[in-house]
Amino acid sequence: MNAIQDPIDQQLLNLIQRDFPVASRPYQVLGDALGISESQAFQRVNRLRETGVIRRLGGVFDSRKLGYVSTLCAVSVPDHLIPQAAALINPLPGVTHHYQRDHAYNLWFTLIAPSDAKLSETLEQLEKDLRVQADAGSLLNLPACQTFKIKVQFQL
Amino acid sequence: MTLTSLDKEIIKALQQDLPQTLNPYETLAQQLHLSEEALLEKVRLFQEKGLLRRLGAVVRHHQVGYTHNVMVVWQVPEHLITATGHHMAARPEISHCYQRPTRPNWPFNLFTMIHGTSEAACLDFVQELAAETGIQHYQLLTSLRELKKTSMRYFCESPAATE
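Residues numbered from 1 in each chain as written. Chains lettered and ligands numbered in written order. Predicted model: local features only at pLDDT ≥ 70, side-chain atom pairs only at ≥ 80, totals over all residues.

## Topic: the overall build of chain B
- Across its full length, chain B carries five helices and five strands.
- Dimensions of chain B, computed from C-alpha atoms along their principal axes, come out at roughly 55 × 35 × 30 Å.
- Classification of the 163 residues of chain B by burial places 30% in the buried group.
- Put simply, 53% of the contacts in chain B that link residues at least 6 apart link residues at least 24 apart. (Helix = DSSP H or I, 4+ residues; strand = E, 2+ residues; numbered from the N terminus. Buried ≥ 20, exposed ≤ 12 C-beta atoms within 10 Å, placed from the backbone. Contact = placed C-beta atoms within 7 Å.)

Rendered as structure tokens:
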């Protein structure tokens, strides 16, 4: 089932992926841009939120500008021990994305922390726990040294 | 900019879901004991300073037709990395592009996230990129399973809530 119902939904998503209006009556602004009423814009956005097309409507912050540091990590874990590894990795609040991938390094996750010291400390402990409880190899720690692009919107 | 405790409270609130009301900023401002105008001004300031990269809808790619994605890692000669990175970043099929360090057992230094409407479209695109850039050493890392996906909660002592 496709939860995006018509071209107006599409235009609406294109608009609000980029910029949800910072205004007292944002749905009025959206309605004006799309030629529909404020309440129609409101209902459409609510439907897209309720059907899960929109995972969240809110702010995406630049972690570095807030003083946080981040990295991408990879680790190699035997397939049957992935649940044990995930049980160690996923509860960490700074882990925002975690995927099993088709590679010798089969687990890939991002970690955000309030300082370099906290990041290192977390990774050191995690590496130990993963070795003991999930027979993991050593952790690849790959913090970005140059960012060419972070795009989080999709043209529909 | 130095963040005050009020700034942090506002950031904490904005990283949640906006209230589902016709005037969400007013609703939020009330929760923060602020005037709506003061909150709107802060939001605009955060945008201006680049703290707030984006205020808007985070969509599920799978539900908007980008059913396939693949992470591709490239082994780029050091002197070509900036040019290659910018070249790849210019393509709309690529959502993320970073230079990352190499390690003794990890020779790949350029990371790209590629999105497409089919597996074949992704693969074609990767071959096209390889031909264009001349980078022939690369690997595709297909995602087999999503184990966690959340948005970061900054300035929260307690563990992040998953979405």
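## Description of the overall build of chain A
- When helices and strands are counted, chain A shows five helices and six strands.
- Shown N-terminal to C-terminal, the secondary structure of chain A runs as helices and strands in the order α-α-α-β-β-α-β-β-α-β-β.
- Relative to the globule expectation of 15 Å for 156 residues, the C-alpha radius of gyration of chain A, 20 Å, shows a markedly less compact shape.
- For chain A, the spread of C-alpha atoms along the three principal axes comes to 60 × 35 × 25 Å.
- When the 156 residues of chain A are sorted by exposure, 30% land in the buried category.
- At a minimum sequence separation of 6, the contacts of chain A that also span at least 24 residues come to 60%. (Rg over C-alpha atoms; globule rule 2.2 N^0.38 Å.)

## Quick word on the interface of chain A and chain B
- Facing the 60 residues of chain A at the interface are 64 residues of chain B.
- Ranked by residues supplied to the side of chain A that touches chain B, first place goes to strand E1 (residues 54-61) of chain A with eight residues.
- In the side of chain A that touches chain B, the residues fall into 32 nonpolar, 16 polar and twelve charged.
- Sheet analysis places E1(A) next to strand E1 (residues 52-59) of chain B, joined by seven bridges and oriented antiparallel. Pairing of A:Leu57 across the sheet is with B:Ala57, part of E1(B). (Nonpolar A, V, L, I, M, F, W, Y, C, P; charged D, E, K, R; others polar. Pairing = 2+ DSSP bridges.)

## As for the sheet that holds strand E3 (residues 95-101) of chain A
- Strands sit in the order E5(A)-E2(A)-E4(A)-E3(A)-E5(B)-E2(B)-E4(B)-E3(B)-E6(A) across an open sheet of nine strands; the sheet is antiparallel. Every other strand in the sheet has two partners, leaving strand E5 (140-141) and strand E6 (146-150) of chain A as the edge strands with one partner each.
- For strand E3 (residues 94-99) of chain B and strand E4 (residues 110-116) of chain B, the ladder comprises five bridges, and the chain directions are antiparallel. Looking across to E4(B), one finds that B:Tyr98 is bridged to B:Phe111.
- Docked against the sheet, helix H4 (residues 81-89) of chain B engages E6 of chain A together with E3 and E4 of chain B, running at close to 170° with respect to E3(B).
- Along the sheet face, helix H5 (residues 119-133) of chain B touches strand E2 (68-74), E4 and strand E5 (138-149) of chain B and points at about 140° away from the line of E4(B). (Axes fitted to C-alpha atoms, helices over the stretch in contact; angles between N-to-C directions.)

## Here's the deal with the domain arrangement of chain B
- What the domain assignment reports for chain B is domain 1 (5-48) and domain 2 (61-142).
- Averaged C-alpha coordinates put domain 1 of chain B and domain 2 of chain B at centres separated by 37 Å. (Domains from an automatic or database assignment.)

## Some details on the domain arrangement of chain A
- By the assigned domains, chain A splits into domain 1 (7-50) and domain 2 (69-141).
- One C-alpha centre belongs to domain 1 of chain A, the other to domain 2 of chain A; they are set 39 Å apart.

## Describing the pairing of E2(B)
All names here are of chain B.
- With respect to burial, E2 is a largely interior element, five of its seven residues being buried.
- Sheet topology places E2 next to E4; seven bridges connect them, and they run antiparallel. Looking across to E4, one finds that Asn69 is bridged to His115.
- Sheet analysis places E2 next to E5, joined by five bridges and oriented antiparallel. The residue bridging Val73 from the neighbouring strand is Gln139, located in E5.

## Notes on the packing of helix H2 (residues 26-34) of chain A against helix H3 (residues 38-50) of chain A
Residues and elements named next belong to chain A.
- Their axes nearest at 7 Å, the elements H2 and H3 cross at an angle of 100°. Taken as axis vectors, H2 and H3 run roughly perpendicular relative to one another. Facing H2, whose interface residues are Tyr27, Gln28, Leu30, Gly31 and Leu34, H3 presents Glu38, Gln40, Ala41 and Phe42. (Parallel < 35°, antiparallel > 145°, perpendicular 65-115°, else oblique.)

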